[in-house]
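Listed below are the residues making up each chain.
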Amino acid sequence: MKIIVANWKMNGTVAFADRFIEEINLVDSKNLAVVCPPAALIGRFRDFRYKIGAQNCFSENEGAFTGENSPKLLKEIGCEYVIVGHSERRAIFGETDESVFKKWKAAIENRLTPIVCVGEKANERENWREILSGQLKLFLNETLSETIFAYEPVWSIGTGVIPTKESIETVFEFLKELLGNQTRLLYGGSVNSQNAEQILNCKNVSGLLIGGASLKIDEFKKIMEMKR
Ligand code: 13P
């Protein structure tokens, strides 16, 4: 069984969500599928057959934090997963390793499974070991059995360029050594139905984090249905 996560980012409409739910509910997948729509659409997923996640949460459960989403409330409305530290949140919304770590902690305390994203930028490709170690430093003394990590090289997101099998395996081996053998690791960046199988076959890859292709229902179905 593989973990197949859809990250819709800030895309989708009520009509699209309804159609997606209707069509995906007909899919009989043995994989663990998790859909992370925009927070405003989560309520539409009440009768969804698979799992629901949020794309972000705040590090506090309540208070004067206008515009933020409470992890406690996300749990209450049916989320079981939450993505934290996506590279777009780091780059556009100023999230830091410290703020990502606080969100991870809040997610764990609320029994949400955090999907922590890490990855190097194009100009950091040669130093990926240092970059990933730095992003993960705060996690190294923690219990990580309930945490999923996603390796998303920033240069691969939305570009159609994916790392070779060899480089994915090298990175994942490094991450396993750093985070412990029990940790589940996803790959994200330009995944589609053509390359998904090849990536899922890489050693230590437990699943995929999918952006653009998760908004194409037929594409997402094909990936969900891949046998493991
Ligand atoms: P794409 O699949 O569109 O490259 O996006 C990857 C991503 O950022 C998923 O979180």
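In case you missed it, the structure is sitting above this.
What counts as what
- Residues numbered from 1 in each chain as written.
- Predicted model: local features only at pLDDT ≥ 70, side-chain atom pairs only at ≥ 80, totals over all residues.
- Heavy atoms only, no water.
- Near = heavy atom within 4 Å.
- Polar contact = N/O pair within 3.5 Å; in protein donor to acceptor, adjacent residues only side chain to side chain.
- Areas by Shrake-Rupley, 256 points an atom, 1.4 Å probe, with all protein chains shown as cover.
- Nonpolar A, V, L, I, M, F, W, Y, C, P; charged D, E, K, R; others polar.
- 1 Å grid on protein atoms, 1.4 Å probe; cavity = no way out; pocket = protein on both sides within 12 Å on 5 of 7 lines; lining within 4 Å.
- Points joined across faces, edges and corners; volume = space filled by probe spheres on them.
- Helix = DSSP H or I, 4+ residues; strand = E, 2+ residues; numbered from the N terminus.

**Student:** For this particular structure, what's the right way to read the site of the ligand?
**Tutor:** All residues in the neighbourhood of the ligand are listed as Asn7, Lys9, His86, Glu152, Ser156, Ile157, Gly158, Gly189, Ser190, Leu209, Gly211 and Gly212. Between the ligand and Ser190, the relevant distance is 2.8 Å, taken from an oxygen atom to a main-chain nitrogen or oxygen of the residue. For the ligand, an oxygen atom lies 2.8 Å from a polar atom in the backbone of Gly212. Alone, the ligand offers 310 Å² of accessible surface; in the complex the protein occludes 95% of this. The residue inventory of the shell around the ligand, partitioned by class, reads two nonpolar, eight polar and two charged.

**Student:** Even after reading the chapter, I still don't get the layout of surface pockets, so can you show me in this structure?
**Tutor:** Size it by volume and the largest pocket reaches roughly 510 Å³. Lining the largest pocket are 20 residues, and of these Met10, Gln55, Asn56, Arg89 and Phe93 lie nearest its centre. The dominant element in the lining of the largest pocket, judged by the number of residues it contributes, is helix α3 (residues 87-92), at three residues. Looking at side-chain class alone, the lining of the largest pocket contains 10 nonpolar, six polar and four charged residues. Contributing to the lining of the second largest pocket are 14 residues, with Arg90, Gly119, Lys121, Glu124 and Gln135 lying nearest its centre. Those elements that place two or more of their residues in the lining of the second largest pocket are α3, β5 (113-118) and α5 (128-136). In terms of residue count, the dominant contributor to the lining of the second largest pocket is α3 (three residues). A per-class count over the lining of the second largest pocket returns five nonpolar, five polar and four charged.

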